[in-house]
Amino acid sequence: MNATVAPLSSMATLVAGHPFRGALHDEAPGGVGVVAMAAIASPVLTQDMALPGIAFEGDIGKLQLAPGDILFRARGANNQSIFVESAQKTCIFAAPLVRIRVNDPQQLDPHYLHWVINSAPIQRDISTQARGSMIRMVSLPSVRGLLIPIPSLGVQLEIAEIARLLREEQALCAALLSTTQSYAEHLLWAKAQAATTP
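Conventions adopted
Residues numbered from 1 in each chain as written. Predicted model: local features only at pLDDT ≥ 70, side-chain atom pairs only at ≥ 80, totals over all residues. Heavy atoms only, no water. Pairing = 2+ DSSP bridges. Helix = DSSP H or I, 4+ residues; strand = E, 2+ residues; numbered from the N terminus. Core = buried A, V, L, I, M, F, W, Y, C linked by side-chain atoms within 4.5 Å. Buried < 20%, exposed > 50% of the residue type's maximum accessible area, 1.4 Å probe, protein only.

**Quick look at the sheet that holds strand E7 (residues 81–84)**
The sheet built from five strands is open, its strands ordered E2-E9-E6-E7-E4 with mixed pairing. Only two strands of the sheet have a single partner each, and these edge strands are strand E2 (12–16) and strand E4 (44–45). Pairing of E2 with strand E9 (residues 97–102), which is carried by five bridges, proceeds in the antiparallel orientation. Residue pairing for E9: Ala12 is matched across the bridge by Val102.

Right, here's the structure in full:
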């Protein structure tokens, strides 16, 4: 059976992040963690990641992050999304991040949605809708209008699991490469020192 295609807004709720002024730093009493776009390089957010803690007096309920949420980078050259695997008890997000929350996980798996948003075809669609010559920006209506392929839930779960395994493999390969480079540099430096020692 072929997958149906539907706009993202018909399957998920999208909320723009809070427009903080200036850089975020720890504040007393600092009871609210804040996810900022520049501070997150990983495709997955977990509760053990170090986040600035602030005293926030806005609408925390509207901005609260929960497991299964997806954060979309709406500004800059990188529009890859972040999957919220786990979050601190009280954790919000800053603009220009956009929170995507699936309405019914039995119809659309959040892990699958995270993968499909980051896939090459959807990223190409996003690029065509981005505006700005110096700093690219994707509007909230453009994100809401993204057309998402929706196969059966079983196929979604299979794709999500394969994508997870690929991420793990990439992380292991990157760690192995880093270790190999460090070891090789250590050996080369030792060889250079030995050659120049009288």
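**A short note on the nonpolar core**
Membership of the largest hydrophobic core comes to 25 residues, with the highest contact counts inside it found for Leu8, Phe72, Ile100, Leu113, Val143 and Ile148. Put simply, the parts of the chain that give this core at least two residues each are E2, strand E6 (70–73), E9, helix H2 (110–118), helix H3 (120–129) and strand E10 (147–150). The element that contributes the greatest number of residues to this core is H2, accounting for four residues. Counting 21 residues, the second largest nonpolar core, distinct from the first, contains Val15, Val32, Val34 and Phe56.

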